[in-house]
Amino acid sequence: MTVNRINAFFVPLIVLSLIGCSNSNSPNAGTTGSKTVKLLNVSYDPTREFYSEFNQAFSKHWKEKTGDNVEIDQSHGGSGKQARAVTEGLKADIVSLALAGDIATIAKQTDLIEGDWQSKFPNNSSPYTSTIVFLVRKGNPKGIKDWGDLVKNGVEVITPNPKTGGGARWNYLAAWGFALHRELGSLEALKDSSKKAEVDAAIAKAKSFMGDLYLHVPVLDASARAATNTFIQRSIGDVLLTWENEAFLAFKELGTDQVEMVVPPMSILAEPPVAVVSKNAQANGTTEVANAYLSYLYSSEGQQLAAKHYYRPRNNDLLSDEQKAVFAKLTLFQLTDLVSGWDEAHEVHFKDRTGVFDQIYQADRK
Amino acid sequence: MSVNAKDLQTGSNDPLWVRTTVITISVAFVALMLVLPLGVIFFEAFRKGLTAYLKAFQDRNAVRAITMTCLAAGIAVPLNLVFGIAASWAIAKFNFRGKGLLIALIDLPFAISPVISGLIYILVFGMQGWFGKWLEAHGIQIIFAVPGIILATIFVTFPFVARELIPLMQEQGSEEEWAAISLGANGWQTFWRVTLPNIKWGVLYGVLLCNARAMGEFGAVSVVSSNIRGGTNTLPLHIDALYNDYNSVAAFAMASILALLGVVTLVGKSLLERKLEQESISSLESKTTEVS
């Protein structure tokens, strides 16, 4: 009968969907005697490999210390997008993002994180740091050694759009810091009100350097990973501005026969911060374990793992000489040497239309 | 004026070189834009051998991604099937106010970008959105969780079944239903024994397309997904994540499942199209015999 034939088609479909439902509702099997706690760490893209390993280490540590099991879920994406997701209700117990500005946004727009979050853990709540370096083609055919070489004739620079990517903002500010330092000889002049005329002249010169730099950018990708793919997989450009840890990772995954790393004499100290999302942690009953998790990043094992994944640890004493040799020595300046913080950085540099980036980028294209 | 038989056969009197050029261009274009990328997927997937390919499927997160995709499609497709049949039934067989509006609204998901459809859910169910606070107070999580993925999938696949059935049912008219009712059948019997058998191939066709889209959707689910591995990542999102991890063998292995699904859909689609065509010819024939 036709009806039966049609039933034979619909019924399995409906049954299938029901099976799907019941599967997703099956409770987590917990071992008797000890609790199983779940943590969600919402992070940005390049930390995936590091946190995969750190999570296992922490689970083991927590089990030894308390007897409880802890399962940590990781969520990765663009830093700004992840911050937005937490703001909109992604139930993170912990955030570990690319820049303090992104965590500050969550704290400002919601009551999930306290306003003084950055003072809750040592070193501005940044357990590891990184910096911005260059990846060039094998043999460095264009002879790129320093920021100034990026604007030489015929050099194509790959860096993502600083308005959309966290990493891209560090790239931009590193170049900006270099330009100001070149003009002023020292960044301390920026805080010295008696040298205002000198500083203004330097800023004008730095703006023209930045304009020149972004004229050398053929593709403005949306995120750091996308820019890495443009440079490596699509072979576009002569130099990629990138996180030091991303540069190392690209080596490890893709081999060293295509590209090499150039560390400029001076760059910015990038501090990716971490925070407990207090309100979510309270609701999930994970406040204690979430704080222990972040503290463990500062432990000997946490710092060793960070170094293993090419993040510069805060405490160099915990590293072997071999590990220390991995990280090239260079002069690092801080974000706060340039501006008061991410609010000012956003206001002055990345704001729509009035920001320096929009001014130089629009002016270039006219 | 005389038309020679050969021209009628080929349906054109263009010179040979025009025909060859046009055919070459279209074949080359299809080969370059469709066949080549499809080939690349399988080539890349098997580049490191069959073991590496199969290993990609043993990963817990891969299994979870496949389950998530099946779950989303498994709920979205039946719901859209019921809705599609109901809507096209209403539109084709009855006249009511706002019918034009209903047709236009059904098309809405076709007209707007999937990313926007994802964002709509954020605006409605997000913490800063309309119902966010209320849902929070009642402990209900919609976006960044399984319900969000399902909602987004339902939204983007909404029109497929209905769009397929509306023209079919309009063409068929409601004479047969009237006949059934006048012979004493109730509404339910009419539906199961008259309407449904008439549209069954159309339904299947719509379901097939709906399913392909539900499993392949990226934009809308990407917005509402929590980006947690082994969490709400569907197959397309998992592929993207693997690719960004420089894990291209696993990424292409996963992509090969979606590509296979595409091929199966394509074959099924052409079989069904043939079936639909036959059906409409035979119904035309039977109508002609009735008249004579």
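Quick notes on the rules
Residues numbered from 1 in each chain as written. Chains lettered and ligands numbered in written order. Predicted model: local features only at pLDDT ≥ 70, side-chain atom pairs only at ≥ 80, totals over all residues. Heavy atoms only, no water. Helix = DSSP H or I, 4+ residues; strand = E, 2+ residues; numbered from the N terminus. Rg over C-alpha atoms; globule rule 2.2 N^0.38 Å. Axes fitted to C-alpha atoms, helices over the stretch in contact; angles between N-to-C directions. Parallel < 35°, antiparallel > 145°, perpendicular 65-115°, else oblique. Left-handed = near helix turned anticlockwise from the far one by under 90°. Contact = heavy atoms within 4.5 Å. Nonpolar A, V, L, I, M, F, W, Y, C, P; charged D, E, K, R; others polar. Phe/Tyr/Trp six-rings, centres within 6.5 Å; stacked < 30°, edge-to-face > 60°. Buried < 20%, exposed > 50% of the residue type's maximum accessible area, 1.4 Å probe, protein only. Buried area = accessible area lost by both parts, 1.4 Å probe. Salt bridge = Lys/Arg side-chain N within 4 Å of Asp/Glu carboxyl O. Pairing = 2+ DSSP bridges. Right-handed = clockwise from strand over helix to strand, strands pointing away. Core = buried A, V, L, I, M, F, W, Y, C linked by side-chain atoms within 4.5 Å. pLDDT = per-residue confidence, 0-100. Disulfide = S-S within 2.5 Å.

Colleague: Honestly, the overall build of chain B in this entry has me stumped. Any pointers?
Modeller: Scanning chain B from N- to C-terminus turns up 14 helices and zero strands. When the elements of chain B are put in sequence order from the N terminus, they spell out α-α-α-α-α-α-α-α-α-α-α-α-α-α. At 24 Å, chain B has a C-alpha radius of gyration far larger than the 19 Å of a compact globule built from 292 residues. Across its three principal axes, chain B shows a C-alpha extent of roughly 65 × 60 × 30 Å.

Colleague: Sorry if this is basic, but what is going on with the packing of helix H2 (residues 48-66) of chain A against helix H11 (residues 287-296) of chain A here?
Modeller: When two helices pack together, you describe them by how their axes are tilted relative to each other and by the distance separating the axes. All names here are of chain A. Two numbers describe how H2 lies on H11: the axes approach to 11 Å, and their chain directions differ by 120°. Considering the angle they form, H2 stands oblique to H11. Here H2 and H11 pass one another in a crossing that is right-handed. Facing H2, whose interface residues are Tyr 51, Phe 54, Asn 55, Ala 57, Phe 58, His 61 and Trp 62, H11 presents Glu 288, Val 289, Ala 292, Tyr 293 and Tyr 296. Split into classes, the residues belonging to the contact of H2 with H11 amount to nine nonpolar, two polar and one charged.

Colleague: In this structure, what is going on with the packing of aromatic side chains? I would like to understand it.
Modeller: Any aromatic ring pair is given by two values, namely how distant the centres are and how the planes are angled relative to each other. Residues and elements named next belong to chain A. Here the structure, examined in full by the defined rule, presents 38 aromatic pairs over all chains. Aromatic side chains Phe 54 and Tyr 293 sit 5.2 Å apart centroid to centroid with 80° between the ring planes, which places their arrangement in the edge-to-face category. Of this pair, Phe 54 sits in helix H2 while Tyr 293 sits in helix H11, placing them 239 residues apart in sequence. Like Phe 54, the residue Tyr 293 is buried in the burial classification.

Colleague: Got a minute to help me understand the interface of chain B and chain A in this structure?
Modeller: When the parts of a complex come together, some accessible area is lost, and that lost area is often used as the size of the interface. In this assembly, 33 residues from chain B lie in contact with 38 residues from chain A. Between chain B and chain A, a total of about 3,100 Å² is buried, with carbon and sulfur atoms accounting for 62% of that surface. Viewed at the interface, chain A and chain B are joined by one salt bridge. Linking Lys91(A) and Glu136(B) is a salt bridge whose minimum nitrogen-to-oxygen distance equals 2.8 Å.

Colleague: How should the pairing of strand S2 (residues 69-77) of chain A be read in this particular structure?
Modeller: Regular strands place side chains that alternate from one sheet face to the opposite one. All names here are of chain A. Direction of pairing for strand S1 (residues 36-44) relative to S2: parallel, over a ladder of nine bridges. Residue Thr 36 lies in a different strand from S2, and its bridge partner there is Asn 69. Handedness of the β-α-β unit built from S1, H2 and S2 comes out right-handed.

Colleague: Looking at this structure, I do not really get unusual backbone geometry. What am I missing?
Modeller: One can expect most non-glycine residues to show negative phi and most peptide bonds to be in trans. Residues and elements named next belong to chain A. One non-glycine residue with positive phi stands out, namely Ser 235, at about 55°. With respect to the helices and strands, the residue Ser 235 is situated in the loop between helix H8 (224-232) and strand S6 (239-243). Its identity as a non-glycine residue notwithstanding, Tyr 310 has a phi of 70°, on the positive side. Looking at where Tyr 310 falls in the secondary structure, it is placed in the loop between helix H12 (300-308) and strand S10 (312-313).

Colleague: Just checking my understanding: could you explain the environment of Ala65(B) for this structure?
Modeller: Residue and element names in this part refer to chain B. For Ala 65, the position within the fold is in helix H4 (residues 60-93). Separated by 189 residues in sequence, Ala 65 and Met 254 place their C-alpha atoms 9.6 Å apart. Those residues in contact with Ala 65 that sit more than four places away from it in its chain are Asn 233, Thr 234, Leu 235 and His 238.

Colleague: What's the story with the nonpolar core in this structure? I'm lost.
Modeller: In summary, soluble globular proteins display a tendency toward joint burial of nonpolar side chains. Counting 117 residues, the largest nonpolar core has Phe58(A) and Val95(A) as the members making the most contacts within it. Looking at this core element by element, the count peaks at ten residues for helix H6 (residues 166-184) of chain A. One finds Ala73(B), Val77(B), Phe160(B) and Trp192(B) within the second-largest nonpolar core, a separate group that totals 20 residues.

Colleague: Sorry if this is basic, but what is going on with the environment of Ser59(A) here?
Modeller: All names here are of chain A. Residue position: Ser 59 is located in helix H2. Remark: the alpha-carbon pair of Ser 59 and Gly 154, spanning 95 residues in sequence, is separated by 51 Å. Excluding residues within four positions of it along the chain, Ser 59 makes contact with Val 70 and Ile 72.

Colleague: How do you make sense of the sheet that holds S2(A) when you look at a structure like this?
Modeller: Sheets are built from strands paired through backbone hydrogen bonds, the pairs being either parallel or antiparallel. Residues and elements named next belong to chain A. One open sheet accounts for four strands, arranged S2-S1-S3-S9; its pairing is mixed. Looking at the sheet topology across the chains shown, the edges are occupied by S2 and strand S9 (274-276). The average angle at which neighbouring strand axes cross in this sheet is 20°, direction not considered.

Colleague: What's the story with the confidence of the model for chain A in this structure? I'm lost.
Modeller: A low pLDDT score tells you not to read the predicted coordinates there in detail. All names here are of chain A. Averaged over chain A, the pLDDT score is 86; the fraction of residues at 70 or greater is 90%. Here helix H1 (residues 2-25) stands out as the least confident element of chain A, with mean pLDDT 43; S9 is the most confident, with 97. Below pLDDT 50 for its whole length, residues 1-31 participates in 29 contacts with residues either more than four positions away or in separate chains.

Colleague: How should I be thinking about the environment of Trp243(A) in this particular structure?
Modeller: Residue and element names in this part refer to chain A. One can find Trp 243 in strand S6. Judged by relative accessible area, Trp 243 falls into the buried class, the value being 3%. Taking C-alpha positions, Trp 243 is 17 Å from Gly 101, a pair spaced 142 residues apart along the chain. When near neighbours in sequence (up to four residues on either side) are disregarded, Trp 243 contacts Tyr 44, Ala 98, Ser 130, Thr 131, Ile 132, Val 133, Gly 167, Trp 170, Ala 224 and Ala 270.

Colleague: I keep staring at the state of the cysteines and nothing clicks. Help me out?
Modeller: Chemically, a disulfide is nothing more than a covalent bond linking the sulfur atoms of two cysteines. Tallied over the entire structure, the rule returns zero disulfides over all chains. Free of any disulfide, Cys210(B) has its nearest cysteine sulfur in Cys70(B), 14 Å distant.

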